[in-house]
Amino acid sequence: MFTRKEIIEILKDSEKNEWLFNFADKIRKENVGDGVHLRGLIEFSNICKRECKYCGLRAPNKNIQRYRILVDEILEYAKNAVNLGYKTIVLQSGEDEYFDRKKICEIIEKIKELDVALTLSIGERSYDDYKAFKDSGADRYLIRIETTDKNLYKKMHPHMDYENRIRCLKDLKKLGYETGTGCLVGLPDQTIESLADDILFFKELDADMVGVGPFIPHPDTPLRDEFGGNFDLARKVMALVRLELSDINIPATTAMETLNPNGRILALQSGANVVMPNVTTTEYRAKYEIYPNKICINENPNQCRGCIEGKIKAIGRFVSQDKGFRRGK
Ligand code: SAH
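Report follows, based on the coordinates. The numbers attached to residues start from 1 for each chain and follow its sequence in the written order. The model is predicted, so local features are restricted to residues of pLDDT at least 70 and side-chain atom pairs to those at 80 or more, both for listing and for counting; the totals for chains, interfaces and linings are taken over all residues. Note: side-chain values were computed over all heavy atoms of the structure, leaving out hydrogens and water.

A few points about the overall build of the protein chain
Logical step 1: Counting from the N terminus, the helices are the DSSP runs of H or I reaching at least four residues and the strands are the DSSP runs of E reaching at least two. Looking only at helices and strands, the protein chain has 13 helices and eight strands in total.
Logical step 2: Here the C-alpha atoms of the protein chain give a radius of gyration of 18 Å, agreeing with the 20 Å that 2.2 N^0.38 yields for 329 residues.
Logical step 3: By principal-axis analysis of the C-alpha atoms, the protein chain measures approximately 50 × 45 × 40 Å.
Logical step 4: Categorising residues by exposure relies on relative accessible area from a 1.4 Å probe, with only protein chains included: less than 20% of the type maximum marks a residue as buried, more than 50% marks it as exposed, and the intermediate range marks it as partly exposed. Counting every position in the protein chain, which comprises 329 residues, the buried fraction comes to 58%.
Logical step 5: Counted over contacts in the protein chain with a minimum sequence separation of 6, partners at least 24 positions apart contribute 76%.
Logical step 6: Total accessible area computed for the protein chain in this model is approximately 13600 Å², and 48% of it derives from carbon and sulfur atoms.
Logical step 7: In the protein chain, the 52 positive side-chain charges and the 51 negative ones have mean positions that sit 2 Å from each other. Radius of gyration: over C-alpha atoms. The globule rule applied is 2.2 Å multiplied by the number of residues raised to the 0.38 power. The contact criterion used is simple: two residues touch if any of their non-hydrogen atoms lie within 4.5 Å. Methods summary: accessible areas were calculated by the Shrake-Rupley approach with a probe of 1.4 Å, and residue burial reflects only the protein chains presented. Working convention for charge: Lys and Arg count positive, Asp and Glu count negative, and His plus the chain ends are omitted. Taken as the charge centre is NZ of Lys, CZ of Arg, CG of Asp or CD of Glu, depending on the residue.

Have a look at this one:
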């Protein structure tokens, strides 16, 4: 819809904010309607071998109590979520090698018996792993590129390789997953130009889902003293994604609500059509601390379900009853 130059101009001009948010809301309504898809999120392990500079789960962080939720307990949360009306389960974790191909396949097969869509968000794996997960029934996969600025990517992700992350995204697309990606907004030294490139990257990949969230500095990471991302800038990147990829799924991210008490609703009114409430119990919520001040850490799955539905109805939208695949596919 826009050229790179126009995207940059819009991102830089704060007088265009309201126009952009309203435009994205209109395009959202025309293309994906008023239904909001709820995805039940199970953060099943906070153990991670990576050292991403911004993330509280990074391996060198010793100030975090690590946990793993095993298959039987994962299934309990999934069943409870299905009883609460969720049509999609999202399994997210750090890059925890305990969960090898066989274990993940077993979890997928058991969850798929519940007749729900299943999304994985467990990081970089081999083509053969992704293929095995798909063959076991996984429908979608989320792996954010985080930033398309290769220098910044390198600085933020020690011992990781940008090209491998791209390889993952391409493999997932090739295998027929609904493929989700996304970026962080407000990383140190991140430029507006690179955010425009992120948006164009999502379009080129033809991402089926794009999650955009502000970077929130975590006290137990090397980025503790940096400025965090700006709420409105993250919302603008998200709104532009809606304009460029009009029929995809876009979550109102939890990180947005951490910066603004009404953040997810504002996001739903600026292009988003998905919310991912946590469906585990309180003992794990606080420990999956990718960033500080995560919302709803003292709520249970039932409360979260009721709370978010109330908010969705209050803005004249409704909770979608279908599995929420990308429209037109
Ligand atoms: N290990 C998986 C899941 C990562 S957690 C993977 O690599 O894909 C999900 C997302 O949380 C990350 O992709 C990242 O964009 C976001 N995140 C991590 N640390 C953050 C922080 N400090 N502030 C905001 N978002 C953060």
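Read on for the rest.
Here's the deal with the site of the ligand
Logical step 1: Consider each residue's heavy atoms; a residue with any of them within 4 Å of a molecule or strand counts as near. Among the 16 residues in the neighbourhood of the ligand, the closest are listed as Tyr54, Ser93, Arg144, Glu146 and Ile216.
Logical step 2: Here a nitrogen atom of the ligand sits 2.8 Å away from a polar atom, N or O, in the main chain of Ile216.
Logical step 3: Three classes are used, and their members are as follows: Ala, Val, Leu, Ile, Met, Phe, Trp, Tyr, Cys and Pro are nonpolar, Asp, Glu, Lys and Arg are charged, and the others, Gly among them, are polar. Of the residues belonging to the shell around the ligand, the class tally is nine nonpolar, four polar and three charged. Any pair of nitrogen or oxygen atoms within 3.5 Å is treated as a polar contact; in protein, a donor-acceptor pairing is required on top of that, and neighbouring residues in sequence qualify only through side-chain atoms on both sides.

A short note on the packing of aromatic side chains
Logical step 1: The rule is short: rings of Phe, Tyr and Trp, with Trp giving its six-membered ring, pair when the centres are within 6.5 Å, and they are stacked under 30 degrees, edge-to-face over 60, tilted in between. For the structure on display, the rule yields 10 aromatic pairs.
Logical step 2: On the numbers, 4.8 Å between centres and 40 degrees between planes, the contact of Tyr67 with Tyr284 is tilted. Taken together, the residues span a long stretch of sequence, with Tyr67 in the loop between β1 (35–45) and α3 (71–83) and Tyr284 in helix α12 (residues 282–285) at a distance of 217 residues.
Logical step 3: The class of Tyr67 is buried, set by a relative accessible area of 6%.
Logical step 4: Only when the NZ of Lys or the CZ of Arg is both within 6 Å of the ring centre and within 35 degrees of the ring normal is a charge said to sit over the ring. In this structure, Lys103 packs its charged tip against the face of Tyr98, placed 4.2 Å from the ring centre.
Logical step 5: The residue whose ring lies beneath Arg305 is Tyr86, and the NZ or CZ to ring-centre distance is 5.8 Å.

Focus on unusual backbone geometry
Logical step 1: With a phi close to 75 degrees, Glu146 is a non-glycine residue in the positive phi region.
Logical step 2: Looking at the element boundaries, Glu146 is found in the loop between β4 (140–142) and α6 (150–156).
Logical step 3: Note on Glu146: relative accessible area 10%, which makes it buried.
Logical step 4: Even without being glycine, Asn293 reaches a positive phi, approximately 60 degrees.
Logical step 5: Structurally, Asn293 is set in the loop between α12 and α13 (301–314).

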